[in-house]
Amino acid sequence: FVMVAVSSLCLVLTEQSIQNSVMFSKPYVFLEAKTKHKIAEVGETFSSVCADENAPFYIVYTSGSTGTPKGAVVTQRNVFNLQQWYCEQFSFEAKDQHLIISAIGFDLTQKNLWAPLLTGGTLHFSESHEYNPQNILETIEQQGITRINCAPSAFYPLVEEISAKGDSDYIA
């Protein structure tokens, strides 16, 4: 948890089930919270969030060549520019159904999370925590998924699974 210590975070979003493994002395917001008063308890923290274009949006950490985690700051402007390009380039619409199969902390995932939210689309998450092409294809069919973006190493097994079935309806 060196990353937390060097990041100047002021709030942690977590689940109650893993709270004990998150070593942080600042306020927690539990993702299970369904009542307004739990979020209101940290409202003051949210009101001080800076929306300046040069303000950090998130920090990507790498192990670094020394083995000590190093953070690369991604600014509000960086995210805005990427999202604007991404949404326009791929003509995202409110009717789109997006499936997220990559890890939530993976840098590629960030644009896939925000684009549907910015364009009114719907986000779907894989039910399984393990990569399983057959389960992913079932989710695509059952949920009417229209968009999926993943690394080639995750995409090619999906294509292979489709080819093995002889079903080309998945590929547009």
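Going by the structure above, here's the rest.
From a predicted model like this one, the values you see are computed outputs, not experimental measurements. (Residues numbered from 1 in each chain as written. Predicted model: local features only at pLDDT ≥ 70, side-chain atom pairs only at ≥ 80, totals over all residues. Heavy atoms only, no water.)

Visitor: Residues and numbers for the environment of Leu108, please.
Guide: Within the element layout of this structure, Leu108 appears in helix α5 (residues 107-119). Leu108 sits in the buried class, given a relative accessible area of 19%. Taking the C-alpha atoms as reference points, Leu108 and Asn149, 41 residues apart in sequence, are found 8.6 Å from one another. (Helix = DSSP H or I, 4+ residues; strand = E, 2+ residues; numbered from the N terminus. Buried < 20%, exposed > 50% of the residue type's maximum accessible area, 1.4 Å probe, protein only.)

Visitor: Just give me the short version of a nonpolar patch on the surface, but keep the residues and values in it.
Guide: There is a patch of nonpolar side chains on the surface, built from Leu82, Trp85 and Phe90 and spanning about 290 Å² of accessible area. Position of Phe90 among the secondary structure elements: in the loop between α4 (76-89) and β5 (97-100). (Patch = residues over 30% accessible without salt bridge, like charges linked within 9 Å, V, L, I, M, F, W, Y side chains within 5 Å. Areas by Shrake-Rupley, 256 points an atom, 1.4 Å probe, with all protein chains shown as cover. Salt bridge = Lys/Arg side-chain N within 4 Å of Asp/Glu carboxyl O.)

Visitor: An account of the nonpolar core is requested, with residue identities and associated values reported.
Guide: With 10 residues, the main nonpolar core is built from Leu99, Ile101, Ile136, Leu137, Ile140, Ile145, Cys150, Ala154, Leu158 and Ile162. Elements with a minimum of two residues in this core: α6 (133-143) and α7 (152-165). When sequence neighbours within four positions are dropped, the list of residues in contact with Ile136 reads Leu99, Ile101, Tyr131, Ile148 and Leu158. (Core = buried A, V, L, I, M, F, W, Y, C linked by side-chain atoms within 4.5 Å. Contact = heavy atoms within 4.5 Å.)

Visitor: Tell me what's going on with the pattern of salt bridges, and back it up with residues and numbers.
Guide: Tallied over the full model, the rule gives three salt bridges. Where Glu53 meets Arg77, a salt bridge forms, and the shortest distance between an N and an O atom there is 3.8 Å. Of this pair, Glu53 sits in the loop between α3 (43-47) and β3 (56-62) while Arg77 sits in helix α4, and the two are 24 residues apart along the sequence. Take Glu53: its relative accessible area is 44%, and that puts it in the partly exposed class. On the basis of relative accessibility, which here comes to 36%, the residue Arg77 falls in the partly exposed class. One salt bridge connects Lys95 with Glu93, and the closest N-O pair in it is separated by 3.4 Å.

Visitor: Tell me what's going on with the sheet that holds strand β7 (residues 147-148), and back it up with residues and numbers.
Guide: In space, the three strands of this open sheet follow the order β6-β5-β7, with parallel pairing throughout. One side of each edge strand has no neighbouring strand; the edge strands of this open sheet are β6 (122-125) and β7. By the bridge criterion, four bridges tie β5 to β6 in an arrangement that is parallel. By the bridge assignment, Leu99 is partnered in β6 with His124. (Pairing = 2+ DSSP bridges.)

Visitor: Requested: an account of the environment of Pro116, with residues and values cited.
Guide: Note that Pro116 resides in helix α5. On a C-alpha basis, the gap between Pro116 and Cys87 in space is 8.4 Å, while along the polypeptide they are 29 residues apart. Beyond its immediate sequence surroundings of up to four residues, Pro116 is in contact with His98, Lys111, Gly121, Thr122 and Leu123.

Visitor: Give a description of the packing of aromatic side chains that names residues and reports values.
Guide: Throughout the structure, instances matching the rule amount to eight aromatic pairs. Aromatic pair Tyr86 and Phe92: ring centres 5.0 Å apart, planes at 70°, arrangement edge-to-face. The buried category is assigned to Tyr86, whose relative accessible area is 6%. For Phe92, a relative accessible area of 12% gives the class buried. By the ring-pair criterion, three or more aromatic residues cluster together here, those being Trp85, Tyr86, Phe90 and Phe92. When the ring centre of Tyr86 is taken as reference, the NZ or CZ atom of Lys111 above it lies at 5.2 Å. (Phe/Tyr/Trp six-rings, centres within 6.5 Å; stacked < 30°, edge-to-face > 60°. Lys NZ or Arg CZ within 6 Å of the ring centre and 35° of its normal.)

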